[in-house]
Structures are given as structure tokens and as C-alpha cells.
Amino acid sequence: MATPTENPQLDKAAGLLRLARRIAVLTGAGISAESGIETFRQPRTGLWARYDPMELAHVDALARDPKTVTEWYHWRFSKCADARPNPGHEALAKLQKLKRDAGGDVDVLTQNIDGLHQAGGAEDVVELHGSILRWRCQKAGAMRPIHEVDFSSFPPTSEAGGVLRPDIVLFGEMLPTGALEAAERAVMSCDVFMTIGTSAVVYPAAGYIDLAISRGVPTVEINPDATPMTGSVTHALRGPSGAVLPELLRRMRD
Ligand code: OAD
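**Here we look at the overall build of the protein**
- Helices and strands together make up the secondary structure of the protein, namely 10 helices and nine strands.
- Relative to the 2.2 N^0.38 estimate, which gives 18 Å for 254 residues, the radius of gyration of the protein is 19 Å and therefore close to what a compact globule would have.
- With respect to the three principal axes, the spread of C-alpha positions in the protein is 55 × 40 × 30 Å.
- When contacts within the protein are restricted to residue pairs at least 6 apart in sequence, long-range pairs at least 24 apart make up 67% of them.
- Per element, the accessible surface of the protein, about 11,500 Å² overall, is 53% carbon and sulfur.
- Separation of charge centres in the protein, based on 27 positive and 31 negative side chains, amounts to 3 Å.

Below you can see the structure in the form of C-alpha cells.
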């Protein structure tokens, strides 16, 4: 794997980011990998190599076996609770501040549910798949922060007697309309699109890369491995985002 300094595409990508007024960024599990959070589809280490998403992350599984599903998400939350934002999250937040100070913007669209972009300083993050930090009552719809949920038994329940479930998007569920609209607006108005740490196979998020390409805006991918989109993006930067993003920011400012 090339180190950031050896990557010949970095200066070109930094030049694009320097000139851009509005940047849309789609992130996936890979940006949180260096914070110790498992990705989904990596062979051996990915969550879906060890667990069956149809048994744990599908809306039918929640209906069939709320105890197992909520226990599993509580276990996943415990990993997020221990995690801290890494230099990739922090560099992206700095890029957003830099562009906002200059009258532009960086829209952060994430498939992650871990809250680490916000913890790293990013603002107005569009959470396409929801957040594990909020749980909601299936009966009354009321939302509550995870630290107010009683996990002494599973599934947790609310005063209304409903099951409390994470406020995330399970397989078989629609994405939140507000997030979809915000994401589409961001992709349609950006002059550079970046995709970071996603295998780019889960729709609709993966479709945003196609949409940006179809608009003719330059696209940048940051990922240590090739993805189905690597051959279609303008610049594919090989490497972990915790190293590539800070380096990109440094070159952008030079
Ligand atoms: P995946 O696990 O599918 O892909 C993670 C990507 O991150 C892979 O392409 C890795 O090569 C890359 N990666 C690994 N380490 C990295 C690093 N240090 N820096 C940058 N990239 C790195 O995760 P997602 O694409 O996020 O949905 O998956 C999308 C959705 O599928 C998830 O939100 C989840 C999952 O099923 C639901 O649960 C609904």
C-alpha cells in the first residue's frame, strides 16, 4: 500500500478541494476503522463475516426476536462508547470549518451510526442510517438518548410499554426522508464529491457517487482497497483515511 506521500494523485485532489466552494462527502464504516469500530464487509474481520445481518439487522428479525436484536445493538453501542474520533474525522471537520469560513460548505453524509463525525467536530451531519446513540419507543415513537435507556433486561422497554429500539435504519426499512432530501441537495449542489471508507455497494448511498459522476463533477475516493467505484472516480487515493485526509488537508493549505 502506497503511503500518502508516495501517492501521485494527492496533489491533484488537494488542488480540487482548494478550489471547490461546496464539497459533498459520503462516508462509510472505513472512516471509523482506525477508531476501533469494525467494518461490515471486510473478509474475516468484517461484522457480516461473523454475524448474519438477516438475523440481527433486518426489520423482520427485530419483530421476531427483539431480545437478540437489541442485545446485539447494545453490544455494538458499547464498542462505539469506547471509541474516539480519529485524525480522519478531525481532518474532515477542519475541512468543513475551512470552507464555511470562506463562505462555502462541506456536507457530511454518513452511513455510520456511531456519532464520531460529530464527536470529531463536524456539524450538520446527515445520518443516512440513523444513530445508535438514540433509541426510540416502537409503540409511542418517543426518542431518548442511550444513556437514559435501562438495559437491565432485553429488550429494553419504555414507560408506554413499547420495545425501545435503536433509531437506526434496519434492512427492510426506508431511510429517513429528511436525510435523503438533504443528501440529494448536497450531491446536486457540490462542485467536488468525495467518498471515504465505503464499499459503495449499499443503496441509496452508493447511488450518490453515480449521481455526482453523472453531473460531471470531479470525484475523489479514499480507501485502502479498490471498490466497485474505483475505476469511475476522478482520483482514487489509496490508504487509510486517518492518514490520507490529514495529508490532503496539509497539501490543500500549502
Ligand atoms: P463496508 O464494510 O461495506 O465497507 C467498508 C469500507 O471501508 C471498505 O471498502 C474498506 O476497504 C474501507 N476501509 C477499511 N479500513 C479503512 C480505513 N482505515 N480508511 C478508509 N477506508 C477503510 O461498510 P459500508 O460501506 O459503510 O448498513 O457499509 C454500508 C452499509 O452496509 C452500512 O451502513 C451497514 C452495512 O450493512 C446497515 O446496517 C443498514
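**A few points about the nonpolar core**
- Ranked by internal contacts, the top residues of the largest apolar core, which has 27 residues, are I23, M194, I222 and L248.
- Going through the elements one at a time, α1 (10–19), β1 (22–27), α6 (87–101), β2 (105–110), β7 (192–196), β8 (219–223) and α10 (241–253) are the ones with two or more residues in this core.
- Of all the elements, α10 adds the most residues to this core, at five residues.
- Those residues in contact with M194 that lie beyond four places of it in its chain are L17, I23, A24, V25, L26, L92, L95, V220, I222, L245 and L248.
- Membership of the second largest hydrophobic core comes to 24 residues, among which are L47, W135, I146 and I168.

**Re the sheet that holds strand β4 (residues 130–137)**
- Pairing is antiparallel across the open sheet formed by three strands, whose spatial order is β5-β4-β6. Strands at the two margins of the open sheet, each flanked by one partner only, are β5 (143–145) and β6 (164–168). Strand-to-strand twist in this sheet, taken as the mean axis angle between neighbours without regard to direction, amounts to 45°.
- Pairing analysis gives five bridges linking β4 to β6, with the strands arranged antiparallel.

**A closer look at the environment of I196**
- For I196, the position within the fold is in strand β7.
- Residues within four places of I196 in sequence aside, it is in contact with V25, L26, T27, G28, I31, L92, I222, S241 and L245.

**Comments concerning the pairing of strand β9 (residues 235–238)**
- Side chains H235 and L237 project from β9 onto one buried face, and the interleaved A236 and R238 project onto a second face that is buried too.
- By the bridge criterion, four bridges tie β8 to β9 in an arrangement that is parallel. Bridge pairing links V220 to H235 in β9.

**Looking at the sheet that holds β9**
- Pairing is parallel across the open sheet formed by six strands, whose spatial order is β3-β2-β1-β7-β8-β9. The outermost strands of the open sheet, each flanked by one partner alone, are β3 (126–127) and β9.
- Two strands pair when backbone bridges link them, and β1 and β7 are joined in this way by five bridges, in the parallel orientation. Considered in β7, the bridge of I23 is made with V192.

**A short note on the packing of α6 against α10**
- Interhelical geometry of α6 versus α10 gives an angle of 30° and a closest axis separation of 7 Å. On the basis of their axis angle, the class for α6 and α10 is roughly parallel. Viewed along their axes, α6 and α10 form a crossing whose handedness is left-handed. For the pair α6 and α10, the contacting residues are P87, G88, A91, K94, L95, L98 and K99 in the first and S241, G242, L245, P246, L249, M252 and R253 in the second.
- Taken together, the residues of the contact of α6 with α10 break down into eight nonpolar, three polar and three charged.

Procedures and definitions
Here, residues in each chain are numbered from 1, in the same order as that chain's written sequence. Side-chain atom pairs in this predicted model are given and counted only at pLDDT of 80 or more, local residue features only at pLDDT of at least 70, and totals for whole chains, interfaces and linings cover all residues. As a rule here, side-chain values cover all heavy atoms of the structure and leave hydrogens and water aside. A run of H or I in DSSP counts as a helix once it spans at least four residues, and a run of E counts as a strand once it spans at least two, with each numbered from the N terminus. Each radius of gyration reported is based on C-alpha atoms, and the globular scaling rule is 2.2 Å times the count of residues to the power 0.38. Contacts between residues were defined by any pair of non-hydrogen atoms, one from each residue, lying within 4.5 Å. We get accessible surface area from the Shrake-Rupley algorithm with a probe of 1.4 Å; when it comes to residues, only the shown protein chains can shield them. Charge convention: Lys and Arg are scored as positive, Asp and Glu as negative, and His as well as the terminal groups of each chain are ignored. All charge positions are set by atom: Lys at NZ, Arg at CZ, Asp at CG, Glu at CD. Remark: nonpolar core denotes a set of buried residues (Ala, Val, Leu, Ile, Met, Phe, Trp, Tyr, Cys) joined through side-chain atoms within 4.5 Å. The classification of residues rests on relative accessible area computed with a 1.4 Å probe and restricted to protein chains. Under 20% of the type maximum is buried, over 50% is exposed, and intermediate values are partly exposed. Two strands make a pair as long as DSSP finds a minimum of two bridges between them. Convention adopted: a line fitted to C-alpha atoms gives each axis, helices being fitted over their contacting stretch, and angles between N-to-C directions are expressed from 0 to 180 degrees. The labels follow the angle: roughly parallel below 35 degrees, roughly antiparallel above 145, roughly perpendicular from 65 to 115, and oblique for the rest. Each crossing is labelled by how the near helix is turned from the far one, with a counterclockwise turn of less than a right angle marking it left-handed and a clockwise turn marking it right-handed. Residue type decides the class: Asp, Glu, Lys and Arg count as charged, Ala, Val, Leu, Ile, Met, Phe, Trp, Tyr, Cys and Pro as nonpolar, and the leftover types, Gly among them, as polar.

Don't take any of this as a statement about function, it's just geometry.
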